[in-house]
Amino acid sequence: MASEQLVDDLLSLWRVLRRISHPVQQGEITPQQYWLLLQLWKHGPLSIGELADAVGVSQSAATTACKRLERAGLVTRERQASDERVVLVELTEQGREQFEAWRRHRRDVLAHLLEPLGEGDRAELQRLIEQVLARAAEESFAGARG
């Protein structure tokens, strides 16, 4: 069993990383808008209904958030000719670039935090993290099987 201090330190590192690198924590975007953008980044164009379901909000809340994201130039909204009730939302080029910039910033922040470690320490940390990730993958697979 991992020591309480190790677990607490890893959770602290995660909180610090989020606080100094996440766009929601930086006040650049609301949590709901971030999750909507994340769904579009992962899955491509989605209807308002699909976005609302994926994020766990009402369709009206998703519509309001998407209108704000559209005004910011991050998404486009388009009614479907085949069914005008359906509005398809898609990331714009600016939206994709912004999302990628947030991801790059988070990676840069973490890389900066790792700079004090020597090459040997970084290699050892890499090895240990790979073991933890392998265990997490096993647990995910076991949970998926059921």
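Residues numbered from 1 in each chain as written. Predicted model: local features only at pLDDT ≥ 70, side-chain atom pairs only at ≥ 80, totals over all residues. Heavy atoms only, no water.

*Asks:* Any chance you could break down the overall build of the chain for me, citing the residues and the numbers?
*Replies:* Across its full length, the chain carries six helices and three strands. In terms of overall size, the chain is more extended than a compact globule, its C-alpha atoms giving a radius of gyration of 19 Å where 146 residues would be expected to give roughly 15 Å. In the chain, which comprises 146 residues, the proportion classed as buried is 23%. By sequence separation, contacts in the chain at least 24 residues apart represent 44% of the contacts at least 6 residues apart. Surface accessibility of the chain: about 10,400 Å² in total, with carbon and sulfur atoms responsible for 52%. (Helix = DSSP H or I, 4+ residues; strand = E, 2+ residues; numbered from the N terminus. Rg over C-alpha atoms; globule rule 2.2 N^0.38 Å. Buried < 20%, exposed > 50% of the residue type's maximum accessible area, 1.4 Å probe, protein only. Contact = heavy atoms within 4.5 Å. Areas by Shrake-Rupley, 256 points an atom, 1.4 Å probe, with all protein chains shown as cover.)

*Asks:* So what's going on with the packing of aromatic side chains? Residues and values would help.
*Replies:* Tallying each qualifying case throughout the model produces five aromatic pairs. Both rings, one in Y34 and one in W35, keep their centres 5.9 Å apart while their planes meet at 80°; by these two values the pair is edge-to-face. Relative accessible area serves as the criterion here: at 12%, Y34 is assigned to the buried category. On the accessibility criterion, W35 (45% relative accessible area) is partly exposed. (Phe/Tyr/Trp six-rings, centres within 6.5 Å; stacked < 30°, edge-to-face > 60°.)

*Asks:* Account for the pairing of strand 3 (residues 83–91), naming residues and giving values.
*Replies:* One ladder, built from two bridges, connects strand 1 (residues 46–47) with strand 3; its direction is antiparallel. What sits directly across from S47, in strand 3, is L88. Counting the residues that bridge the hairpin from strand 2 (residues 75–80) to strand 3 gives two residues. (Pairing = 2+ DSSP bridges.)

*Asks:* Give me the lowdown on the environment of K67, citing residues and values where you can.
*Replies:* With respect to the helices and strands, K67 occurs in helix 4 (residues 59–71). Here K67 falls in the partly exposed class, since its relative accessible area comes to 37%. A sequence separation of 22 residues divides K67 from V89, and the C-alpha atoms of the two residues are 9.9 Å apart.

*Asks:* Please set out the pattern of salt bridges residue by residue, giving values where relevant.
*Replies:* Tallied over the full model, the rule gives four salt bridges. A salt bridge links R77 to E70, with the nearest nitrogen and oxygen atoms 3.0 Å apart. Between E139 and R135 there is a salt bridge whose closest N-O contact spans 3.0 Å. Linking E139 with R135, this pair stays in helix 6 (residues 119–145), spanning four residues, or about one helical turn. For E139, a relative accessible area of 47% gives the class partly exposed. (Salt bridge = Lys/Arg side-chain N within 4 Å of Asp/Glu carboxyl O.)

*Asks:* Please set out the sheet that holds strand 2 residue by residue, giving values where relevant.
*Replies:* On the basis of which strands lie adjacent, the open sheet formed by three strands has the order 1-3-2 and antiparallel pairing. Among the strands making up the open sheet, the edge pair consists of strand 1 and strand 2. Helix 2 (residues 31–43) rests against strand 1, strand 2 and strand 3 of the sheet, and its axis sits at about 85° to strand 3. Of the strands in this sheet, strand 2 and strand 3 are in contact with helix 4, which crosses strand 2 at around 125°. (Axes fitted to C-alpha atoms, helices over the stretch in contact; angles between N-to-C directions.)

*Asks:* Give a description of a nonpolar patch on the surface that names residues and reports values.
*Replies:* Together, L6, L10, L13, I20, L110, L113, L114, L125, I129 and L133 give the surface a local cluster of nonpolar side chains, amounting to about 780 Å² of exposed area. Contributions of two or more residues to the nonpolar patch are made by helix 1 (4–21), helix 5 (93–114) and helix 6. Looking at which element gives the most residues to the nonpolar patch, the answer is helix 1, with four residues. By secondary structure assignment, the location of L133 is in helix 6. Overall, L133 belongs to the exposed group, its relative accessible area being 54%. (Patch = residues over 30% accessible without salt bridge, like charges linked within 9 Å, V, L, I, M, F, W, Y side chains within 5 Å.)

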